[in-house]
Amino acid sequence: EMEGREEEILEDESSFNEYLQKQYGIEIQLAEGSDDEQQPSFHRELRGSTGFQHRPLSAPEKADDLVKLDEISNGKESGENQSKSEKKSSSPSLQRRKKGGYSALLEEREEKEGEDPLDSHPRVRNGNEKRVQNEPYSPTSLLRSLKKHKEKGEDKKILFTTLEISNLQMAVKYVVTDTKRHKKAWLIGFVTVFIVVWFTSLLQNAIDKSPIVFLKLSEDQVGEYDVVMTPSGVSSSSFWLNYTLLNERIVNFAPLTSGSAPRWVMLGRAFKGDGSNTRDTNTSTAILWINSDKEKEIGLGRGWKYPALTETQTYVSKTVLDGIGVKENNGESVLLRLDFPALLDSSGAIDGTLQDYLRDQIEKRLNITNDGNTFPNRNTTVGELLALAQALSPFPLEPIIQRILNGRPIPPPQTTLDTLFNELAQSLSDMLVVEKPFTVMGSISEPKGKFPAALGNVAVLESKFLKKLVQDSIASFQSQIGALLNLNLLEEYIKLIPVEYQPLVQIALAELTKQNETLNTFSRNFKEEEYALTIISMVKDRFKTYVKSKDDMNYDMIQVTNQIADAIGYLYPAQFTLPLQAALVPLYYVRLSLDQVFTFVVVVLIVLGALLIYSLLLSNVEEKTYEYGMLRALGMKNYVLIELLLTQSLSFSIPGIACGLFLSFLIFLPISFVIAKFSLSPVDPTMGGWALISGISLGFFMPLAALIGPVKRALSKTLRDALDIYHQVQSETTVQIIRLEKLGLSPWQVTVSSMMVIMGFVVYYVVPFAFTFANFPLFFFILTMILLGMLFGLSLIGTTLQPVAERAAIYVLLWGSDYRCLSSMVRKNLAAHSRRNMKTAIMFTTSLAFIIFAGSSFSLQAHTLADTVSLASGADITVFALRVPINEDPMREYLIQEMAKPNPLVLGYAFNTFPLQKHNWVGRTTISNLAGYPVVPVGIFGVEENYLNVTYDKFFRYTEYDNFDNFKYTETSNGKMDVFRSLYVDAGKAALPIESGGIVVPPPVVSIDSKNQEDEVKKNLKEAYDNYLDIVVSESLRTTASVNTKTALKINVGGRNYLAKARALLESCPGFGFSAYSQTAINSPIIVTMPSFYRLLQDAWHPRSHPMQPSSNKQTLRVKLRSNPSEDEREYIVNGLRNFVKDSTTQIIDTKNVLDTTKVAVTLLNLFFYIVSVIAVSLCFLVLWLSFTANVNENAWEFGVLRAIGLDSFAVIRMYVYEALCLILSSVFIGAAIGLLVSITLTMQFNLFTQMPFTFDFPYWLFGSVLLMSVGVAVAGSYLPALSIKKKDIAIALKNM
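1. Section: the packing of helix α12 (residues 243–253) against helix α24 (residues 550–568)
Line of reasoning, step 1. At a minimum axis separation of 9 Å, α12 and α24 run at an interaxial angle of 125 degrees. Between α12 and α24, the angle is such that the two are oblique. Judged by the twist between their axes, the crossing of α12 over α24 is right-handed. Seen from α12, the contacting residues are Leu246, Arg249, Ile250 and Phe253; seen from α24, they are Gln563, Ile564, Ala567 and Ile568.
Line of reasoning, step 2. Of the residues assigned to the contact of α12 with α24, the class counts are six nonpolar, one polar and one charged.

So, in structure tokens, the structure goes:
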């Protein structure tokens, strides 16, 4: 609208001002006073904004350009200026200016300057010319320059840039000056950002590196086994793996692997090899054959520092050496018994045992059957054979047979061929057991990833010498066969045998010769790598794979196994397992849990840090209200004030970020070395991307978020209030008048409604989504946020109780004269300072709530983990068989001997069986009501009578038991009825309510053709009702199968029904998976007595033609030790039991040892929370210091009044200390109550899943430490600020100076 009006604008001051105001936001005023002040104010503003400097003007020029500016514009002259004008009337320039007005002045100035000052300024011009930054300028040329740039459309951009730079310069200079004057405030802000950035980045970096720690823990349990290939056993030739062929294919066609190595594991025994013939001191051990060179090449066993062995050397587990009394590196030797028959048995190369296999082969070659119509058969005796042969032979046969047997006695005449062949097969099997001495070169205390910890005792040998050992064993076997049977004499005397039996003997002789030649061929051509039992392949860049998320790790491992399968052919008879991946899966959820805990900590620290910075900036604004008011009165725009506060925030956040990240890096250096040493991985001291992002973003955005409140406070002040030096924040009353048409939505309404919408979306969509798609990180994150919401919400609610708690604290803390003199003033101070103290109260309440919640929650989780391990194990020592039944008889004998010793270490033991359906002839086992609907599959176990006496009976809980009067229950140590013992003592005595008059057998309801059939049916019915099963069932079956102790039940075993009566319904039992939840009803356990178990087992076998062979079917042995046994005592019992372990899959679990490993993790977590507590309390101390510094400064006049009426300075300081103590202690106890409430909520949630009894462990030490720190913070945070006015004179304090 001003186009074309330039001359008019330049001639009129008001138009000139209007023009600059609308075009550039500049308002100029003509200054009055001294020469320095006679420049228009916009000159000074532009000088600071653009960096330009006024050109020094001569006196005539000053008179012409500045003083006369008002006269030229308005046509007037003052008296003084008139005289000056007359003196200069001869000046041509003056005449021209008078004639042409201000336009002529502009033209003249532009002619003199000749160059656009904006174009020439280094900050805005283009070009590489060097010019002085503070270039002189005149206002006329600047105005003309702006008009010139307006024609190009650049005027506003240029002026805006220069003004913003000047504002930034001014803000920086102001902040630097202010920081020098108020170092404490800057230091508090710096320390806050520094602590939060340091701890958060360090924590995040530790989280990023934590997968490598979990990887090492898994490797210690299952070994560094990435991909394990074992024979699938689908054909007679597939019980071995040809490592030579497989490795060649894997190296060439599976680039995701770094190589593979063969392994052989067999069961053996270790004896002391000192030349003594005693065999009493021995222990079972796994013989592990390894190729040290190849395993080192592919990186299998990073922590294995032992050198390669020679043919006669070995490394043996320390427990084995201690058990047999052999010292390492002392030249002592150990005698190892290598049980090759056990190797064949466990590898699946033959059906059953080697002894059975050899017996069957002998009978098959000699055509000996079980048919009684043929001769000879299995039941034919040696005497019958000799008698028949002697009858047909013209000379005595006994001397000839003895010569063939190399002088060995002929078996007794009553020995059957079946027994003879069994003994022969046993002798042949024993010939394959090799005993050889080895020099002990070192003891193995830890697997170091070389083999699984579950392998137990181990003796390591070099596989390159396995070939010679096999060849020597074959030669020894042939030698023993020759010693057992003289084949040359047999061939020589074959003609003396009756003609009828010569073909049989010739067949046996030919078979023996053939087998002997086969063994010779096998021995000559044997290469151990072509008969590998196991092949282990290692993944290339395995650390990168295993530190990924679960899904990404699974994907990478699938790619690896696919490559290997493609390389060797998908029909190759090999089975793949991924032990390390499987071991990492349960630890993945531990990682998730720890991640959520760390998230919890970080969020709380962010909130505390933001509150502290908010308090700092708000205190700064309140303290400088007058100063900011003066700046605004002098023309400072609001946005410039915002920039000033933002610059102040950045002044301590940027150094805090830099120092925090640097310290985090320095602290993580030794941590990275510790992690590398523990995990045996390369040292990686770098800061992860997420650690840097989290630290930098928190350092920047936390102060920015905290800046919102102070900015609002600074801008909401009117100049009148800001310049009122007697104005006090706590006494102000705010009145806000808003027109209804501009009222809009309330911010609180918008916030609450938005939160409700978000919560509804999360609950109804995000939670089901996370649970359905197994996105557990998201699921746990939502739970963590819910807990955080509860914590912060309760903390805010707790502030409403703050006044009540503070008044209670006054009555507790103040006594005697202090109560009479100071209580009312402390109470009034608390009320007057409530708004400012609210931030301190919220911080302390939140901190204490979090500390108590976290401490008790982790204590709860530690106890839950320990209880879960104890519940699963069931006893002090547990022997668990996975496939092959426990070697019951020798273990039972050993334990009985230990119990018979004075002050016995073993107090008791108990066995339980495999589930009934584990036996392949049994079939399905189910339970139902008598109607048979619904039917639920179950597992039936047999337990011994004293089971609850040797297990952790504190986990034994039932919901219902049969309290029939005839039962004689004994109590367990936890006061429960021993229903297991009752199954034995009160067997067959249960009477249901419908059987109050005795057991009534119902009449037959089936069609009967004869009296005999009727009698048979009645007999079966009576037997079924009289010989019912006494059982203990799971509470989960109550609603699923209509089960209780007052109703008859039906057990079906392999299609045969049995009447059953429940003695009790259990919700928990040590060693068994009982539960109260109906979802776990399928395959839930049912307990019966051992006689009942064998009865069911025999009935299921009954239809077969031959009798069931007696054998042990015990799956678990549980041993109770005396209280607090030492580690050596526990190890003694474990090694004693290990002597009778005959299968590598059988595990011996020392529960106390497992629990000790969890205590290390619990200790580290407690240490972590102590550190968090110190950080939280330190932040609270800083905000308390800020709060009381503001209180003291604002109430300095009150301090002077109290001193003036006779109160000494120490009493006034005590008043502030009491105020702080009341504030802090009330917050501490409110926060502790909130933490307890949230922790109890979490405990109840845990109990829903674990079904453990409610136990709550309050962190007394942690609470006591925090309480003491809080008291110290309260005293120091109030006493130190009060010292600042203690030394002031009363008059100065009354003047509030």
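2. Examining the pattern of salt bridges
Line of reasoning, step 1. Scanning all chains against the criterion turns up 34 salt bridges.
Line of reasoning, step 2. In this structure, lysine 448 engages glutamate 446 in a salt bridge whose closest nitrogen and oxygen atoms are separated by 3.5 Å.
Line of reasoning, step 3. A relative accessible area of 44% places glutamate 446 in the partly exposed class.
Line of reasoning, step 4. A salt bridge links lysine 1114 to glutamate 888, with the shortest nitrogen-to-oxygen separation between them at 3.1 Å. Of this pair, lysine 1114 sits in strand β21 (residues 1114–1121) while glutamate 888 sits in helix α35 (residues 888–899), and the two are 226 residues apart along the sequence.
Line of reasoning, step 5. Residue lysine 1114 is classed as buried on the basis of its relative accessible area, which comes to 3%.
Line of reasoning, step 6. Taken together, the shared-partner salt bridges in this structure form one network comprising Glu219, Glu224, Asp226, Arg302 and Arg542.

3. Topic: the environment of isoleucine 410
Line of reasoning, step 1. Position of isoleucine 410 among the secondary structure elements: in the loop between α18 (398–404) and α19 (417–431).
Line of reasoning, step 2. Owing to a relative accessible area of 21%, isoleucine 410 belongs among the partly exposed residues under this scheme.
Line of reasoning, step 3. Taking C-alpha positions, isoleucine 410 is 8.8 Å from valine 382, a pair spaced 28 residues apart along the chain.

4. Overview of the confidence of the model for the protein chain
Detailed reading of predicted coordinates is not advised where the pLDDT is low.
Line of reasoning, step 1. Mean pLDDT over the protein chain: 76, with 76% of residues reaching 70 or higher.
Line of reasoning, step 2. Contacts from residues 109–139, a stretch scored under 50 in pLDDT, to residues over four places away or in other chains number 71 contacts.

5. Observations concerning the environment of aspartate 293
Line of reasoning, step 1. For aspartate 293, the position within the fold is in helix α13 (residues 292–298).
Line of reasoning, step 2. The spatial distance from the C-alpha of aspartate 293 to the C-alpha of alanine 261 is 9.4 Å, given a sequence separation of 32 residues.
Line of reasoning, step 3. At 3.5 Å, the side chain of aspartate 293 and the side chain of lysine 464 are in polar contact.

6. Things to note about unusual backbone geometry
Line of reasoning, step 1. That bond from tyrosine 933 to proline 934 is cis: its omega, -5 degrees, falls within 30 degrees of zero.
Line of reasoning, step 2. Tracing the chain through its elements places proline 934 in the loop between β14 (925–929) and β15 (936–943).
Line of reasoning, step 3. Even without being glycine, asparagine 903 reaches a positive phi, approximately 45 degrees.
Line of reasoning, step 4. Mapped onto the secondary structure, asparagine 903 falls in the loop between α35 and β13 (906–913).
Line of reasoning, step 5. For asparagine 903, a relative accessible area of 60% corresponds to the exposed category.
Line of reasoning, step 6. Notably, serine 1042 is not glycine yet its phi reads approximately 55 degrees, a positive angle.
Line of reasoning, step 7. One can find serine 1042 in the loop between α39 (1037–1040) and β18 (1048–1053).

7. Considering the nonpolar core
Most often, soluble globular proteins keep nonpolar side chains buried together rather than apart.
Line of reasoning, step 1. If you look at the biggest cluster of nonpolar residues, it comprises 109 residues, and the most contacted ones within it are Phe199, Val601, Val826 and Phe850.
Line of reasoning, step 2. Sorting elements by how many residues they give to this core places helix α44 (residues 1209–1250) first, with 18 residues.
Line of reasoning, step 3. Setting aside residues no more than four positions away along its own chain, valine 601 makes contact with Phe199, Leu203, Phe850, Phe1168, Phe1169 and Val1172.
Line of reasoning, step 4. Met229, Leu246, Ile250 and Ile535 belong to the second largest nonpolar core, which has 50 residues in total.

What counts and how
Residues numbered from 1 in each chain as written. Predicted model: local features only at pLDDT ≥ 70, side-chain atom pairs only at ≥ 80, totals over all residues. Heavy atoms only, no water. Axes fitted to C-alpha atoms, helices over the stretch in contact; angles between N-to-C directions. Helix = DSSP H or I, 4+ residues; strand = E, 2+ residues; numbered from the N terminus. Parallel < 35°, antiparallel > 145°, perpendicular 65-115°, else oblique. Left-handed = near helix turned anticlockwise from the far one by under 90°. Contact = heavy atoms within 4.5 Å. Nonpolar A, V, L, I, M, F, W, Y, C, P; charged D, E, K, R; others polar. Salt bridge = Lys/Arg side-chain N within 4 Å of Asp/Glu carboxyl O. Buried < 20%, exposed > 50% of the residue type's maximum accessible area, 1.4 Å probe, protein only. pLDDT = per-residue confidence, 0-100. Polar contact = N/O pair within 3.5 Å; in protein donor to acceptor, adjacent residues only side chain to side chain. Core = buried A, V, L, I, M, F, W, Y, C linked by side-chain atoms within 4.5 Å.

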